Amino acid sequence: SEIPMVKSILIPIKGVDNVKVSPATKAVYVDHDIDIVSASDICRELDEGGFSATIIKDAAVEITQKIGIPLDVTVVSVFDVQNEDGNIDALKEEKIRASIMSTFGEDGKKVVKVSQERNSIIVEYNPYYVTASQIAQSMDGAFEGCVATIKSDGGGDGRWALEAMKHGVQDTIELQQSSVSWPVIMSGIFCALSFLGYIGGNWEYLKYLALVSVALGIPFVAIKAFRTLRRFKFDVNVLILFAVIGAISLQDYVEAAVLTFLFDISEYLEALAMTRARNALSTIVNVRPEEAHLINPITKETVVLPATAVKVGSIVSVRTGDKIPCDGVVMEGESTVDESNLTGESRPVKKVVGSLVSGGTINSGNTPLKIRTTATTNNSAIAKLLRIVEEAQSNRSRTEAIVDSVAQIYTPLVVLLAICMCSFPWIVSAEVGRYWFKNGLILLVVACPCALIISTPVTYVAGLAACAQKGIIVKGGQHLETLGKVQFIAFDKTGTLSEGIFQLLHFNEIGQSRDRKEVLAYLSLMEASASHPLADAIVKGAANEKAEVPAHLQVKDHTLLPGEGVVGIIDNKKVHVGNKRLFVRLGLHQKVSEEDRATAEGWASAGGTIGFISIEGEGIVGSYCVSDKIRDETKVVIRDLKDKGIVINMLTGDQRQAALGVAQQIGLDECDVKSDLLPEEKLTSIQKMVDDCKGQKKCGRQKKVMMVGDGVNDAPALAIADISVAMGEGSALALETADATLMGSDLNKLLFIVNMGPLVTRRIVENVVFSFIVKAIVVGFTFAGKAALWEAIVSDVGAMLIVTLNGLRLLPSKSENEVKEVKNECESNGEEEST
């Protein structure tokens, strides 16, 4: 009920472009022009509107954040100097100053000031260029018997840079615990005591304790109600306040107390339920690293910076138990890294020199790592994940919008009817007026659409959080809806159904013009500049055969031929490398002997990807076969998806024989495979599937098409599908384009979200139908004169609590998480014992 209020406060502000509110995290995301309105201005407006707001992340701070180690900071260190007489006179001080300045220069860039106080030397210096230990060494021998020791090191802990830089508040969701305030507890006690007034006699006066109960409990409601009325709007707080005032005017004090207490308790129960969803999301969002320990390139000392200030190419030290600040490559050390906050898998992953690591993951091993950063914190994998989570929390689905629209119509109509019931019957008689006045108050309570409004967002939040805990990021509730309607799934092969890790299995030189190693050298030289996963396998395969590229050979005009291969010029001759399609087009494939073609076709039939290399004037001089390992879980996942009645298609640029070889391994029929596809042909295939599904319905709902891929070539097809899923180890473009991302690239997670979609849809339908049924029953009893105020509030609170808990059933229980952790720990220990 507070979301419309928040938006009504912020949207009219000049410079505010868009406002999104996450009901689970109570976070407000505001797109605004920082030159017109600041985050502080927005926060102040919310405070004046009655909301206690704090700034979680200020875009202006991020924009003005300094990058890299600051070069203009000075610190002060104090040194004890040992000498024969124990005193430092002016002459000795001058000799020490001269020794320091002669070592570090007189320009004041490194050492700013040297002074003496109580036989201690005080040095102000720039810690980027100089360390205290270096200064102490420069003082040794300044005069006979002079030995300096560090008494106080101003730059020793490395935090001088952190303190000098503007360190903005990080984007976090705090873990919360819900509790009942003491006024509400006391309100409940006095409410219970007021029931003793029904005994009568000397006990009758106890009914007035109900007024004390109301006085203790109503302020929380009244403050929110007046805040809403001030903006000429209605919400549940206004309805409850009017109902309490009406009950008191009828001298139904006990009912007024029950109404107040139960509503306060309902607020607590709602907060308790939403806290569980909020805390589930917090484990995902609160993984952003706050600090980084950089290696100073000048002094080699560790300098602590805000993680957002780390430049690409910096060397950072990550101690055991610390978060890795940015994406990077391990330069030194061997350890294990906990990637559970990204992938959902709690088993640590071994990292060695050359391994890629992601920001936000944790060094869980016993050895520190030195990492060269390859992305800033804001461009790291964890930052992208957080942006997706933020978007998912605040995006509204079509169902949510419809439910809110219905509530906006339903509430005013019921309120108008209640007002009529409370006013016009008094014309007939006081008795009739009193009867209908009370029923009108009951209808006011019934008018509260809490259960209806909360039924959809709480289910989406729970579904999104459940997916996130499994290492699956879904970009909003609308995509969970679509998942419930998926009937067709198109898979890219490389990096999706397969691991995307290729090996050069076969190589065959063709013709007599060049020997094997020479052809392999040409092939390696051509593929060294290519970006496809096959290229790396070919280069490594050539290296394994000791095929060295002569120093005088270089590739010129290296050009990608989409869907075919690459072309370049080596030693003034045009060289082509690619698939059969390319060489058929060039008219060279037909000139290869039957035996050599049969050999290549045999490789393809076994599921390998075949290719050729040609040199201008010599024709095709070699053929090769590269194979990609099918994921262990692929066959089982495909089988389970088929068992659900989902139609599976595999889209690949591989030749027909190779594609059919893979299909046979994973349980697909020949008709399920579309091969020899260019990127634009994949797009056309998806478009045709989407068009064919229009008008087709399953259980009254339109069938939807899902595309699952990982590479840049998949991005157009991912964008056009009804719902798209990207593998977490795929390209950045695919991750940005996709509606859902499987962090860790385990296809079992795809099965999880395919099951989650219908479950979310079913929970929403259950909640909405239940909410309407409860309202209808209470309205019926009201007009029949059989309902009481306390019964109406109990039904309203009960309905809201039931739909909330029903939605939260999507979250995995604590016992399920504990079983998973124990299982992973046992598997990890088993692996350690076997190694």
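These lines cover the structure that appears in this document, whether it is placed above or below. (Residues numbered from 1 in each chain as written. Predicted model: local features only at pLDDT ≥ 70, side-chain atom pairs only at ≥ 80, totals over all residues. Heavy atoms only, no water.)

Focus on the sheet that holds strand β11 (residues 335-338)
Hydrogen bonds along the backbone pair up the strands of a sheet, which may run parallel or antiparallel. Read across the open sheet, the three strands follow the order β12-β11-β14; overall the sheet is antiparallel. Each edge of the open sheet carries a strand with a single partner, namely β12 (349-351) and β14 (362-363). Relative to β14, β11 runs antiparallel, the two sharing two bridges. Paired with valine 337 across the two strands is asparagine 363, which belongs to β14. (Pairing = 2+ DSSP bridges. Helix = DSSP H or I, 4+ residues; strand = E, 2+ residues; numbered from the N terminus.)

Details of helix α27 (residues 748-783)
Since one α-helical turn is 3.6 residues long, residues separated by three or four positions face the same way. Given a rise of 1.5 Å per residue, 36 residues ought to cover 52 Å, and the 53 Å separating the end C-alpha atoms of α27 matches this to within 8%. A positive phi of about 75° marks glycine 785, the residue just after α27. (Expected span 1.5 Å × (residues − 1).)

Brief notes about the pattern of salt bridges
Enumeration according to the criterion identifies 26 salt bridges in this entry. Aspartate 252 is the salt-bridge partner of lysine 438, the closest N and O atoms lying 3.9 Å from each other. Remark: aspartate 252 occurs in the loop between α9 (236-249) and α10 (253-285) and lysine 438 occurs in helix α14 (residues 430-446); sequence separation between them is 186 residues. A salt bridge links arginine 514 to glutamate 618, with the shortest nitrogen-to-oxygen separation between them at 2.8 Å. Here glutamate 618 lies in the loop between β22 (609-615) and β23 (619-630) and arginine 514 lies in the loop between β18 (498-509) and α18 (516-527), a separation of 104 residues in the sequence. Overlapping salt bridges bring together Arg514, Glu518, Lys573 and Glu618 as one network. (Salt bridge = Lys/Arg side-chain N within 4 Å of Asp/Glu carboxyl O.)

So, unusual backbone geometry
The phi angle at aspartate 557 is positive, at roughly 55°, despite the residue not being glycine. Secondary-structure assignment places aspartate 557 in strand β19 (residues 555-561). By relative accessible area, aspartate 557 is classed as exposed at 58%. At aspartate 676, a position not held by glycine, the phi torsion is positive, near 55°. (Buried < 20%, exposed > 50% of the residue type's maximum accessible area, 1.4 Å probe, protein only.)

A few points about the packing of aromatic side chains
Tallying each qualifying case throughout the model produces five aromatic pairs. With a centroid separation of 5.7 Å and 40° between ring planes, the pair formed by tyrosine 208 and tyrosine 253 is classed as tilted. Of this pair, tyrosine 208 sits in the loop between α7 (182-194) and α8 (209-229) while tyrosine 253 sits in helix α10; the two residues are 45 residues apart in sequence, bridging distant segments of the chain. Measuring from centroid to centroid gives 6.2 Å for tryptophan 426 and phenylalanine 437, while their planes differ by 65°, and the two rings are edge-to-face. Here tryptophan 426 is found in the loop between α13 (398-423) and α14, whereas its partner phenylalanine 437 is found in helix α14, with eleven residues between them in sequence. Its end group placed over the ring of tyrosine 522, arginine 514 keeps NZ or CZ at 4.8 Å from the ring centre. (Phe/Tyr/Trp six-rings, centres within 6.5 Å; stacked < 30°, edge-to-face > 60°. Lys NZ or Arg CZ within 6 Å of the ring centre and 35° of its normal.)

Some remarks on the sheet that holds strand β21 (residues 573-578)
Strand order in the open sheet formed by six strands is β18-β23-β22-β21-β20-β19, with antiparallel pairing between adjacent strands. Both outer strands of the open sheet, β18 and β19, are each paired with one neighbouring strand and no more. Direction aside, the axes of adjacent strands within the sheet are offset by 20° on average. Bridging between β21 and β22 involves four bridges; their strand directions are antiparallel. Residue pairing in the sheet places histidine 576 in a bridge with serine 614 of β22. (Axes fitted to C-alpha atoms, helices over the stretch in contact; angles between N-to-C directions.)

Let's talk about the nonpolar core
In this structure, Leu480, Ile489, Phe491, Leu641, Met706, Leu750 and Ile753 are the most contacted members of the largest nonpolar core, which totals 47 residues. When residues in this core are grouped by element, the largest group, eight residues, is from α27. Among residues more than four places away in sequence, those in contact with leucine 480 are Tyr460, Gly463, Leu464, Cys467, Val474, Met756, Gly757, Val760 and Thr761. Counting 44 residues, the second largest nonpolar core, distinct from the first, contains Ile69, Val123, Met139 and Val303. (Core = buried A, V, L, I, M, F, W, Y, C linked by side-chain atoms within 4.5 Å. Contact = heavy atoms within 4.5 Å.)

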